[in-house]
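Survey of secondary and tertiary structure
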Amino acid sequence: MNTHTNDNAVKSLPVFQILKNSFRLPFENAALILRLGWPYLLVSMLITVLSVTNENGFLNFFSFILMTAASVLAGVACHRIFLCPKDEVTQLSTFRWGKSEADFFVAGLKLTFALIVGTILAVGLGALVTNIASIELPTTEYLGFNVLVWAGIFVFGYVFSRISFILPGAAVGRYFNFNTSWAATKPYALPLYFVVFLVPMALTTIFTTLLSVLEGSALTPLGYELLIALVSLVGAVIELCILSKSFEWVTNQMPEERAELAVDEQGSNQAE
């Protein structure tokens, strides 16, 4: 008798579609990403050069400030490129600092704080358990500590996949806090854990392993560091796109979002 059963049923997160789009869209929008994100690329390369050739504390601190600002600009730009209409994004200027950038900066601080707390808890728990257990073999104690730390990383990865919607939300004016992000992602918790955390982590591990093979090659130390910076940049954009497209799909399933889409479609039909 209920004709709305299908509309109200929880759909499955389209993991394959999100990943396919996330590996395609960054390259399709490469020119726009480069126009809006070149300050991040420039600062990233500058910091790479300084890390190899310079040990001046003041310059390192100044480059950190520049990197933070450039990261905010690039992060907001990428999320908007992947989430907003193209004609709106093409009007963005490279250098800007508005409400979206300020909110994104604050959201990044919140996630950083959560990461620090999660790391402390993971390491602290590992040390506490190994001390209480009084394990005799040093190798077993060392191995036990690492297993617990890795367990903490995977647990925090799950938490991160549930609270990270505050970043794309801040970039496009859909404001989420930890509580609302956690609630919105609840029906899709495990698929989001896979696509937002496990896939990027696996890619990072693969590329780190491949780059470590090149470390002893003919590349100079500076050339090797620049290659790492470039690969890391491409990986970061892909990860931002994964988060953006996951955010887009999940928020489109929210009741208020479906209501807005229905109103828009009705208005379009009436106009026709």
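Conventions we followed
Residues numbered from 1 in each chain as written. Predicted model: local features only at pLDDT ≥ 70, side-chain atom pairs only at ≥ 80, totals over all residues. Heavy atoms only, no water. Helix = DSSP H or I, 4+ residues; strand = E, 2+ residues; numbered from the N terminus. Buried < 20%, exposed > 50% of the residue type's maximum accessible area, 1.4 Å probe, protein only. Contact = heavy atoms within 4.5 Å. Areas by Shrake-Rupley, 256 points an atom, 1.4 Å probe, with all protein chains shown as cover. Expected span 1.5 Å × (residues − 1). Axes fitted to C-alpha atoms, helices over the stretch in contact; angles between N-to-C directions. Parallel < 35°, antiparallel > 145°, perpendicular 65-115°, else oblique. Left-handed = near helix turned anticlockwise from the far one by under 90°. pLDDT = per-residue confidence, 0-100. Phe/Tyr/Trp six-rings, centres within 6.5 Å; stacked < 30°, edge-to-face > 60°. Salt bridge = Lys/Arg side-chain N within 4 Å of Asp/Glu carboxyl O. Bend = angle between axes of the 7 residues up to and from the residue.

Attention now moves to the overall build of the protein. Counting secondary structure elements, the protein contains 12 helices and 0 strands. Reading the protein from its N end, one meets helices and strands in the order α-α-α-α-α-α-α-α-α-α-α-α. Among the 272 residues that make up the protein, the fraction classed as buried is 37%. Taking the intrachain contacts of the protein between residues at least 6 apart in sequence as the baseline, contacts between residues at least 24 apart amount to 77%. About 16,100 Å² of surface is accessible on the protein, with carbon and sulfur atoms providing 69% of the total.

This part is about helix 2 (residues 15-28). Taking 1.5 Å of rise per residue, 14 residues should cover 20 Å, and helix 2 covers 20 Å from first to last C-alpha, within 8% of that figure. Along helix 2, the positions that sit buried rather than exposed are Val15, Ile18, Leu19, Asn21, Ser22, Leu25 and Pro26.

The geometry of a pair of packed helices is captured by two quantities: the angle between their axes and the separation between those axes. Contact geometry of helix 2 with helix 10 (residues 189-214) gives a least axis separation of 11 Å together with a crossing angle of 40°. By the angle class used here, helix 2 and helix 10 are oblique. Remark: the crossing between helix 2 and helix 10 carries right-handed chirality. Contacts from Val15, Ile18, Leu19 and Phe23 of helix 2 reach helix 10 at Pro191, Phe194, Val195, Val199 and Leu203.

Our next topic: the confidence of the model for the protein. Here the protein averages 79 in pLDDT, and 74% of its residues register 70 or above. In the predicted structure, residues 136-144 sits below a pLDDT of 50 and forms 4 contacts with residues beyond four places in sequence or in another chain.

Moving on: the side chain of Ser164. By the element assignment, Ser164 lies in the loop between helix 7 (138-163) and helix 8 (166-172). Excluding its chain neighbours within four sequence positions, the residues that come into contact with Ser164 are Leu111, Ser181, Val196 and Leu243.

This part is about the packing of aromatic side chains. For the structure shown, the criterion picks out 9 aromatic pairs. Seen in terms of ring centroids, Trp38 and Phe95 are 5.6 Å apart; in terms of plane orientation they differ by 85°. Their pairing is edge-to-face. In this pair, Trp38 is assigned in helix 3 (residues 30-53) and Phe95 in the loop between helix 5 (86-89) and helix 6 (99-133), connecting sequence segments 57 residues apart. Accessibility expressed as a relative area gives 37% for Trp38, which makes it partly exposed.

Right, let's get into the side chain of Ser161. The residue Ser161 is located in helix 7 in this model. With a relative accessible area of 0%, Ser161 lands in the buried category. Among all residues touching Ser161, those that are not within four sequence positions of it are Thr185, Leu192, Tyr193 and Val196.

Per the counting criterion, the structure on display carries 5 salt bridges. Linking Arg96 and Glu101 is a salt bridge whose minimum nitrogen-to-oxygen distance equals 3.0 Å. Across the pair Glu248 and Lys245 runs a salt bridge whose closest N-O atoms are separated by 2.6 Å. One end of the pair, Glu248, and the other, Lys245, are both in helix 11 (residues 221-252), 3 residues apart, so they sit about a helical turn from each other. Overall, the relative accessible area of 12% leaves Lys245 in the buried class.

Turning our eyes to something else, we now look at helix 10. The end-to-end C-alpha separation of helix 10 is 37 Å, in line with the 38 Å expected for 26 residues at 1.5 Å each. A maximum bend of about 35° is found in helix 10 at Leu198, where proline Pro200 lies one to four positions downstream. Buried within helix 10 are the following residues: Ala189, Leu192, Tyr193, Val195, Val196, Phe197, Val199, Pro200, Met201 and Leu211.

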